[in-house]
Amino acid sequence: MRVSLTPNLQVLIIYNPTAGQSPNFKNTLDRVANLWRDLGWQVQIAATTAPGDATTKAQTAAQAGYNAVVAAGGDGTVNEVMNGLVGTETALGVLPLGTVNIWAREMGLSMDMLKAAESIAKSELTKIDVGMAGNRHFLLMAGIGFDAAVTATVRSDEKKILGAIAYVKQAIQIAWNFRGVRLKLRVDGKRVRGKILMVIIGNSQLYGGVVKFTAHATIDDGLLDVCVIKGRGMLSAPRRLISIFARHYNRDPLVQYYQAKQVEIRNKRGKHLPVQVDGDYLGTTPMSFRVVPDSLWIMVPPNADRSLWRSVEG
Ligand SMILES: Nc1ncnc2c1ncn2[C@@H]1O[C@H](COP(=O)(O)OP(=O)(O)OP(=O)(O)O)[C@@H](O)[C@H]1O
């Protein structure tokens, strides 16, 4: 079900002053706020002061009856805001201020903030599923293995200077020594065996702004999409990537694709893998993952990727 925005929308913009590469975006945010005020919206702006602050601020806004909280930052900030909004009546919006901005891309937003703000003003509201990793919600995906090892070690000062290239540089450095690990996977009770390089558990589709590991994922189907990539080491990764780009899941025996409500990853013989959610390091296996259906209101701009919905009502 899609719902139109009310004319006197109450909106809180929560921004992360440390996000992305641009040093001074407060002026642009003020212009965005004025653009929305001209439409009759009541708009407040609040800066985060530390990691985790966006979750507390979003929770407080939901309790105070705000209609929407717009996360202005990268996907880490979007994740923190949505963790404060799941299960409330307050909708999540996004303004792309981070390094990669995957959710903003999924929502079809321009990377130009004022153009993005104009699109957001034409949004509708709808409810979607989110994922849960341990006790943390995720909007995009959880990554287990190689990508989480990269996320855990990429330096924030390099991200400021190099942007997304900092991830590529770190991936190349880690790839040489990264080995697949035998873990115990259960996907809706089904046992999955083999040496695991990486598992992507996707609520949505886009990964890193370039590739879709979970290309069949929709955000209203009550399921998570699971892409399991197996192998001894990263030398085999380019072949696996070709299979994923061509969507030859399951035709390549080392790339398996599932849709499930729940995924359990247990360690074997003391071996474990790191876990990231929505691009931020979370911890290590063992960990449980599950879908939380129909639990988050979001603002859907007109150019949002329609393939993210199983059914779009007109
Ligand atoms: N005021 C703050 N000071 C320090 N860290 C913060 C602050 N506010 C938020 N953070 C942390 O910064 C992390 C990264 O932020 P965010 O994802 O928004 O930007 P980014 O890293 O530039 O973008 P991307 O996620 O696209 O790489 C968040 O996970 C959050 O915990």
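Residues numbered from 1 in each chain as written. Predicted model: local features only at pLDDT ≥ 70, side-chain atom pairs only at ≥ 80, totals over all residues.

(A) Looking closely at the packing of helix α6 (residues 146-153) against helix α8 (residues 165-175). Relative orientation of the contacting elements α6 and α8 amounts to 120°, with a least axis distance of 9 Å. With respect to α8, the element α6 is oriented oblique. Judged by the sense of rotation from one axis to the other, the crossing of α6 with α8 is right-handed. In contact with Ala 149, Val 150 and Thr 153 of α6, α8 contributes Tyr 167, Gln 170, Ala 171 and Ile 174. Grouping the constituent residues of the contact of α6 with α8 by class yields five nonpolar, two polar and no charged. (Axes fitted to C-alpha atoms, helices over the stretch in contact; angles between N-to-C directions. Helix = DSSP H or I, 4+ residues; strand = E, 2+ residues; numbered from the N terminus. Parallel < 35°, antiparallel > 145°, perpendicular 65-115°, else oblique. Left-handed = near helix turned anticlockwise from the far one by under 90°. Contact = placed C-beta atoms within 7 Å. Nonpolar A, V, L, I, M, F, W, Y, C, P; charged D, E, K, R; others polar.)

(B) Inspection of the site of the ligand at higher detail. Around the ligand lies a shell of 22 residues, among which Pro 51, Gly 73, Gly 74, Gly 76 and Gly 98 are the nearest. Considering each element in turn, the shell around the ligand owes the most residues, four residues, to helix α3 (residues 75-85). For the shell around the ligand, the per-class residue count stands at five nonpolar, 13 polar and four charged. Residues from two domains meet in the shell around the ligand; each of domain 1 (3-122) and domain 2 (136-292) gives at least three. (Near = placed C-beta within 6 Å. Domains from an automatic or database assignment.)

(C) Quick look at the nonpolar core. Counting 98 residues, the largest nonpolar core has Ile 14, Val 69, Ala 71, Val 81, Leu 92 and Val 226 as the members making the most contacts within it. If one sorts the elements of this core by residue count, strand β18 (residues 287-300) sits on top with eight residues. In terms of domain composition, this core takes at least three residues from each of domain 1 (3-122) and domain 2 (136-292). The residues touching Ile 14, leaving out its near neighbours within four places in the chain, are Ala 46, Thr 48, Ala 54, Lys 57, Ala 58, Val 69, Ala 71, Ala 72 and Val 81. (Core = buried A, V, L, I, M, F, W, Y, C linked by C-beta atoms within 7 Å. Buried ≥ 20, exposed ≤ 12 C-beta atoms within 10 Å, placed from the backbone.)

(D) View of the domain arrangement of the chain. The domains assigned to the chain are domain 1 (3-122) and domain 2 (136-292). Between domain 1 and domain 2, the C-alpha centre-to-centre distance is 27 Å. Looking at the side of domain 1 that touches domain 2, the elements with two or more residues in it are α3 and α4 (102-106). When its residues are assigned to classes, the side of domain 1 that touches domain 2 shows six nonpolar, five polar and three charged.

(E) Looking closely at the pairing of strand β12 (residues 195-202). Among the eight residues in β12, seven count as buried, and that is most of the element. Of the pairings in the sheet, the one linking strand β8 (residues 141-145) to β12 comprises five bridges and is antiparallel in character. Looking across to β12, one finds that Gly 143 is bridged to Ile 200. Judged from the two bridges that link them, strand β9 (residues 181-182) and β12 form a sheet pairing that is antiparallel. Each bridged residue has a counterpart across the sheet, and for Val 181 the counterpart in β12 is Ile 196. By the bridge criterion, six bridges tie β12 to strand β13 (residues 224-230) in an arrangement that is antiparallel. In the sheet register, Ile 201 faces β13, and the bridge partner there is Val 226. (Pairing = 2+ DSSP bridges.)

(F) Region of interest: the confidence of the model for the chain. Of the residues in the chain, 99% reach a pLDDT of 70 or more, and the chain-wide mean stands at 93. In the predicted complex, the global pTM is 0.93; the interface-specific ipTM is 0.95. (pLDDT = per-residue confidence, 0-100.)

(G) Quick look at helix α5 (residues 113-121). Turning to α5, its buried residues are Met 113, Ala 116, Ala 117 and Ile 120. Take α5 and look down its axis: the buried residues cluster within an arc of 100°, on one side only. Of the exposed residues in α5, those oriented more than 90 degrees away from the buried face are Leu 114 and Lys 115. Looking at the buried positions of α5, the neighbouring elements they touch are α1 (26-37), β5 (91-96), α4 and β18. (Arc of directions from axis to C-beta.)

(H) Spatial organisation of unusual backbone geometry. Of note, the amide linkage connecting Thr 285 to Pro 286 takes the cis form, showing an omega dihedral of 10°. Its location among the elements puts Pro 286 in the loop between β17 (280-284) and β18. Its identity is not glycine, yet Asp 188 carries a phi of approximately 50°, on the positive side. With 15 C-beta atoms packed within 10 Å, Asp 188 lands in the partly exposed category. Positioned with a positive phi, Arg 247 is a non-glycine residue whose angle comes to about 60°.

(I) Representation of the environment of Ala 61 within the structure. Inspection of the secondary structure puts Ala 61 in helix α2 (residues 53-63). Its 24 C-beta neighbours within 10 Å are what place Ala 61 among the buried residues. With 43 residues separating them along the chain, Ala 61 and Thr 18 place their C-alpha atoms 21 Å apart. Ignoring anything within four residues of it in the chain, the contact list for Ala 61 reads Leu 12, Tyr 66, Val 69 and Thr 90.

(J) Quick look at the packing of α1 against α5. Across the interface, α1 lies against α5 with an axial gap of 10 Å and an inter-helix angle of 25°. Compared by their axis directions, α1 and α5 come out roughly parallel. For α1 against α5, the interelement crossing comes out right-handed. Contacts between α1 and α5 involve Thr 28, Arg 31, Val 32, Leu 35 and Trp 36 from the first element and Met 113, Leu 114, Ala 117 and Ala 121 from the second. Residue classes in the contact of α1 with α5 are distributed as seven nonpolar, one polar and one charged.

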